[in-house]
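# Report on the structure
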Amino acid sequence: VRPIRKDLRETDMLVPKKNKTLQTLDFDNRFTKELPADPENDNHRREVMGACYSRVHPKKMAEPTLVAYAPEMADALDLTREDCESEAFIETFSGNRLLPDMDPYAMCYGGHQFGHWAGQLGDGRAINLGEIVNQKKERWALQLKGAGPTPYSRTADGLAVLRSSVREFLCSEAMFHLGVPSTRALSLITTGESVMRDMFYDGHPKREPGAVVCRVAPSFTRFGNFQIFSARREIDVLRKLAEHTLRTDFPHLGAPSKKTYIAWFEEVCTRAADMIVHWMRVGFVHGVMNTDNMSILGLTIDYGPYGWLENYDPNWTPNTTDAQGRRYRFGHQPQIAQWNLLQLAYAIYPLIEEKEMMEKTLDDFAKNYENKWQTMMAQKLGLKQSRPEDEDLIAGLLSVLQLTETDMTLFYRNLAHLDVNLESLNTLPDEVLMAPLSEAYYTPERLTDGHKAQIGNWIRQYLFRLKTDGLDNETRRKQMNTVNPRYVLRNYLAQLAIDKAEQGDHSIVKELLELLRHPYELQPGKEAYAQKRPDWARTKAGCSMLSCSS
């Protein structure tokens, strides 16, 4: 069933059974046990037909060194601190050694990239080590990103550089602690090797330090996993993958049937709406929402050219590849999610053949998203609940945010400082009303009298609305501070960590990891991390725009 041991090219890649470190990991590898494998074991680039995955081994790295690990993720895997700081951990999660029950593989999938069908894509620089079941009976798939080439690498080398690995490691865990559905990260390890990259694809390649991130999720299955088999009319494989997904990731829906598939699609749509609402809540822009970057579980996946909306601009995209069309801009993410769900509907239609039901589910996505978004916005504003009449209040807010460069995170966080007990609102000067928000403006000197009047009028409308709820300032502030973070992984903070890490100093990576474990709490001595973007970061590479190589 699992020929991985006899196919090993290097027997010394196995961690001996007598080494008890990491032996608590209980691999059951349901994906490779239940689904059709690529019959060819040679690791060369090719079209893989009729198979969900190809078995492949990680590349052996020259000198792996642990940069950091995420303690909450380690706990979820039943790993101790001693485990994570051991040599066996470094060797295992750099890809240099395999535990005896690992069955490493790369997934086969396709996808739409920037709206166009790209055919076979697959795990080009990700190698799944296998799936474990922890002591709580939770299933976790372990995946190394940057561990070497696979049959799906096309013309690439399958490796990753430190800058992109730092960004993925930190953002995965930052999103989790923000309450955003996300894949996770266990570890960040440098490889001791250099990797050639052209960061902006502009003809200026250079060598950069290599790294490997261990990504973790209940499943890494994407919309594209289903699309590839539907596009090839390999319906028997499509059905096997769908049945496996239902049994493994959606067991509460029951045995596979047409009715179950419809319920499954409805849940996928619901989870996608939840994920996008959270992105909009914290100001996250994915940057490359291709269908192969959409998780079937509604998790944020593939942290490439992402960015945090610092200056509120719904048309901003962090991706240089998307700079002209802005397909994946912040304000367009809900529409792209629905378009991607439509492509998934096309892919799984042969299993359902109920056009009207699927169309209704897609229509409901837009309605459900809007309702969830309105509820989320009410929470950000500290309202007891969303009311229909709040639509004007929210529309006015979004207009105010775009009058001048306004830091989204600071604006919402400081909004909690407004005093609902202020008297004589209609006669108070606009500057007095705006004072608690002044920190959020990048160029306050550019606020005209007209801008100030518009902002002041909105604040009055907002405070009058708050009075109708009857909440005292303290109660409202506490509620608002649970949904409006103080700390996010601002683009320039990630770049500061990268710059230091490339010099061999991992202190900022570790400091940010610790900081972002508590994004809603005031952390004494960490005020510098809650400040708006400095001027030097406005146009700096890695702070303002990134590429798919980032």
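None of these values were measured; they are calculated from a predicted model.

Examined against the element boundaries, Gly148 turns out to sit in the loop between strand 7 (139-145) and helix 6 (162-178). Look at Gly148 and you get buried, because its relative accessible area is 0%. Separated by 80 residues in the primary sequence, Gly148 and Ile228 place their C-alpha atoms 23 Å from one another. Setting aside its immediate chain neighbours within four residues, Gly148 contacts Lys59, Gly124, Arg125, Ile127, Asp157, Gly158 and Leu159.

Here we take up the packing of helix 8 (residues 235-249) against helix 9 (residues 258-282). Closest axis-to-axis distance for the helix 8/helix 9 pair is 12 Å, and the angle between their directions is 65 degrees. The orientation of helix 8 relative to helix 9 falls into the category roughly perpendicular. Every pair of crossing elements has a handedness; the one defined by helix 8 and helix 9 is left-handed. Listed contacts from helix 9 to Arg239, Ala242, Glu243, Thr245, Leu246 and Asp249 of helix 8 are Thr260, Tyr261, Trp264 and Arg271.

Another aspect to go through is the confidence of the model for the protein. Here the protein shows a mean pLDDT of 94. Residues at 70 or above account for 95%. Note that residues 1-12 has pLDDT below 50 and, in this model, 24 contacts with residues that lie over four places away or in other chains. Here residues 15-19 is modelled with pLDDT under 50, and outside its nearest four sequence neighbours on either side it reaches 11 contacts, counting other chains as well.

Below, the discussion takes up the packing of helix 9 against helix 11 (residues 355-380). It is the contact of helix 9 with helix 11, at a shortest axis distance of 9 Å, that shows an interaxial angle of 30 degrees. In terms of their interaxial angle, helix 9 and helix 11 are classed as roughly parallel. Crossing of helix 9 against helix 11: the hand is right-handed. Touching Ile262, Phe265, Glu266, Cys269, Thr270, Ala272, Ala273, Asp274, Ile276, Val277, Met280 and Arg281 of helix 9 are Met357, Met358, Thr361, Leu362, Phe365, Tyr369, Lys372, Trp373, Met376 and Lys380, all from helix 11.

Calculation rules
Residues numbered from 1 in each chain as written. Predicted model: local features only at pLDDT ≥ 70, side-chain atom pairs only at ≥ 80, totals over all residues. Heavy atoms only, no water. Helix = DSSP H or I, 4+ residues; strand = E, 2+ residues; numbered from the N terminus. Buried < 20%, exposed > 50% of the residue type's maximum accessible area, 1.4 Å probe, protein only. Contact = heavy atoms within 4.5 Å. Axes fitted to C-alpha atoms, helices over the stretch in contact; angles between N-to-C directions. Parallel < 35°, antiparallel > 145°, perpendicular 65-115°, else oblique. Left-handed = near helix turned anticlockwise from the far one by under 90°. pLDDT = per-residue confidence, 0-100.

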